[in-house]
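Given next are the chains, with one letter for each unit.
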Amino acid sequence: MSKDEACPESTDAESAPPPSPVAEEDALSDADVAELRRTTQVINKFYGNVDAGSTQFGVSLGVTHRRATGPVDEAQVRQAHEHFVASPRHSDAARILVQENLVLLAGPENTGRTTSAIVLLHLALDDPHAPLVSLSPAMSLAQLVEYPHFKRNRGYLVRDWVDDAQPDAVQQFEVAQLSNRLQKHGAYLVLVTESARIQRLTTSAVKWEPPAPEAMFDEYAPPQPDTRARAHAVELNSPAEVVAFARNLSYGLETALVRLDGSTAKQVTEWFDSKPERLKTLEAAALAFAHGLPDRTFEAVFERLLRIAGPVPIDVPGESAIRQSRADRSDHPLISTTLDVPGPDGLAGERRLVFRSVEHRARVIAELVERYGFELWDPIRTWLHELVSEPPLSELHFQMALGISLLSRNSPREAEQDYLFRWADGTSVTRLTAAHVLTWMCIDDSLAPQALRIALSWATNAGTRRAMTAATALGGEIGARYPSDAMRVLWFLAARSQRIGDIARVSLGLLFSAAVENAADASWVLNLLRSLARQSIGNGNEFRRIQLSKRALLSVLSGNCGSSEEAITAHVLRRQPASMHALGEIWGWVLCSGSHRGRAIEALRHALQALAAHDGTLPIIAELGNAIRTRMPAPQLELLHRDLRFALTKTDQAVASTFLSSLDRHQHAITT
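All figures in this text were calculated on a predicted structure; none of them were measured in a lab. (Residues numbered from 1 in each chain as written. Predicted model: local features only at pLDDT ≥ 70, side-chain atom pairs only at ≥ 80, totals over all residues. Heavy atoms only, no water.)

### With respect to the pairing of strand S8 (residues 351–355)
Phase 1: Counting buried positions along S8 yields four of five residues, so the element is predominantly enclosed.
Phase 2: With five bridges connecting them, strand S7 (residues 335–339) and S8 associate as antiparallel partners. Bridge assignment links Thr 337 to a residue of S8, and that residue is Leu 353. (Buried < 20%, exposed > 50% of the residue type's maximum accessible area, 1.4 Å probe, protein only. Helix = DSSP H or I, 4+ residues; strand = E, 2+ residues; numbered from the N terminus. Pairing = 2+ DSSP bridges.)

### Let's talk about the layout of surface pockets
Phase 1: Taken as a whole, the second largest pocket spans an internal volume of roughly 1200 Å³.
Phase 2: Along the wall of the second largest pocket there are 35 residues; nearest its centre are Met 139, Tyr 147, His 149, Ser 484 and Arg 488.
Phase 3: Taken together, the residues of the lining of the second largest pocket sort by class into 16 nonpolar, 11 polar and eight charged. (1 Å grid on protein atoms, 1.4 Å probe; cavity = no way out; pocket = protein on both sides within 12 Å on 5 of 7 lines; lining within 4 Å. Points joined across faces, edges and corners; volume = space filled by probe spheres on them. Nonpolar A, V, L, I, M, F, W, Y, C, P; charged D, E, K, R; others polar.)

### Concerning helix H14 (residues 278–289)
In an α-helix there are 3.6 residues to a turn, and that puts residues three or four apart on one side.
Phase 1: The terminal C-alpha atoms of H14 lie 17 Å apart, and with 12 residues this matches the ideal 16 Å at 1.5 Å per residue to within 8%.
Phase 2: For H14, a buried count of 10 out of 12 residues is recorded, marking the element as mostly surrounded by other parts of the structure. (Expected span 1.5 Å × (residues − 1).)

### Side note on the environment of Val 162
Phase 1: Residue position: Val 162 is located in the loop between strand S4 (155–161) and helix H8 (168–185).
Phase 2: The sequence separation of Val 162 and Pro 449 amounts to 287 residues, and the corresponding C-alpha distance is 7.0 Å.
Phase 3: When sequence neighbours within four positions are dropped, the list of residues in contact with Val 162 reads Pro 137, Pro 449, Gln 450 and Arg 453. (Contact = heavy atoms within 4.5 Å.)

### Overview of the pairing of strand S3 (residues 132–135)
Phase 1: Residue alternation in S3 divides its side chains into two sets, Leu 132 and Ser 134 and Val 133 and Leu 135, and both sets are buried.
Phase 2: Two strands pair when backbone bridges link them, and strand S1 (residues 70–71) and S3 are joined in this way by two bridges, in the antiparallel orientation. Looking across to S3, one finds that Gly 70 is bridged to Ser 134.
Phase 3: Pairing analysis gives four bridges linking S3 to S4, with the strands arranged parallel. Each residue of the ladder has a partner; that of Ser 134, found in S4, is Leu 157.

In structure tokens form, the structure reads like this:
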């Protein structure tokens, strides 16, 4: 490898003037970075702790990190084939897919579209084991046309595609272009969407209909079910309800009917049907956005809502009577109190105000949207804007973020325009809250593509603060679901202003850490990172961009694995040795840099010390040295060898000797 290839910084860009200094107030302090890491990770812990999270947050948190793009999970493919029930439109969709290599399934969620898409692709490929790849729902039709990785005899799936709102004629043209491109490459693609508009624009689209409920029931019901059960199944509204009902029949018809009754949703509907007084309605609305707080904290913020909403008549005898608000809740059908466990300080836990069921919170917000207008929502909006702007970031901010995410299920435009867009352009605390709204939206599979779309829209031409918010959000659950989209945008943001770049670099590190901690294959992250770096470093000579790119790489290499002190690169090298070559190339880039070598050597020393703590790692250490050596020119390698001899003086002697020997070109030449 030539010097210019290995260390492009050493070309003419080395003599370029350094970038102008950034104003001190624009930079993130160490405390800011620590807070960013903590708040980006805090919600994610609740994803893995369903029991602890459900009561406090008033929603079911049975969602785990999982990629929504990339190779389709084998378990999902197997389940799709085992329980497939054909839709009335299945044969039409199959015919279009075989003829045009493309079909668009347009219809509401929970109607079997994704399951059918998997089966359709394997039918077109004539191979039930053919590899399937899920593409980003944020890709426009034009981007799909230009997608460079279509391969012959491979199926592609776009789940929950977000309509790019191009003019009708443009979309018609792009659908035709996409079909031609797929036919040329011998690939097949199924695009799943809720867009009603796309149905009338092209003959490649099918207006999707769910399978017949009788067929769904027969597939999922236990052998010889109660004869009355099938009649109940036919009356249900969606395939998801039919499947749940059929599976519950294993516990008996009565139990299945009770679970089908939707008693928690019915309780909320009946309570609102009773036309509760204004004070009670405001209290339920406040709890929907300030759930699970200590009762004294909730009462304080609720009083602020009452002052904003205006005088509320108190229906108790005597004008001077103080309302017994806590006693009034004792028989409330929706609201209850729960007691915290004692804290580590030995103090007793506090009473917290919650909804009686984890389904109540979302249902209350749905009823509020359906039933009430400006008189309710205007004071709620003012109240939320006041609360969210008050630092520091607190439990209340997380609860408000979750409330807005639930609002986006029923009123997405209101959630985005009245709250998210404004908060993302505000202070640090409102920006963090907006980022957490997008993270909470990933609880709902149908909202995750919207969260991605919003984050991507903030990343470009939306102002510095919204770009900072996007960088924060993409380092969390959105990035875990859509890692390719997130990493590409974060890499772009890492080269922008210092405030945006600092956050983007932290988020890149968090994405890599999340992939490692969730037992995912980290090599794809490193390979994508290496590809992005090659474009910025290997093919460019702009001094500032090269420097910022190497800072981004160093942020990834310098992290620890979760809460442990083990260097994340050491953890990856031990568990996933296939990542060795990508890591060697990335280390080579940062170690070549005069301005980054000191930090890079310290991160490398930390990784070697972590490897030394495990038996049998000397071969890994030697291979890492070889991988780095092949990526560095001789002059830079000699400087590195000299610096490392000093830096590794306190490192295990066998580790230091093994690594330094593997870096020695002359010794390597003799041994080979």
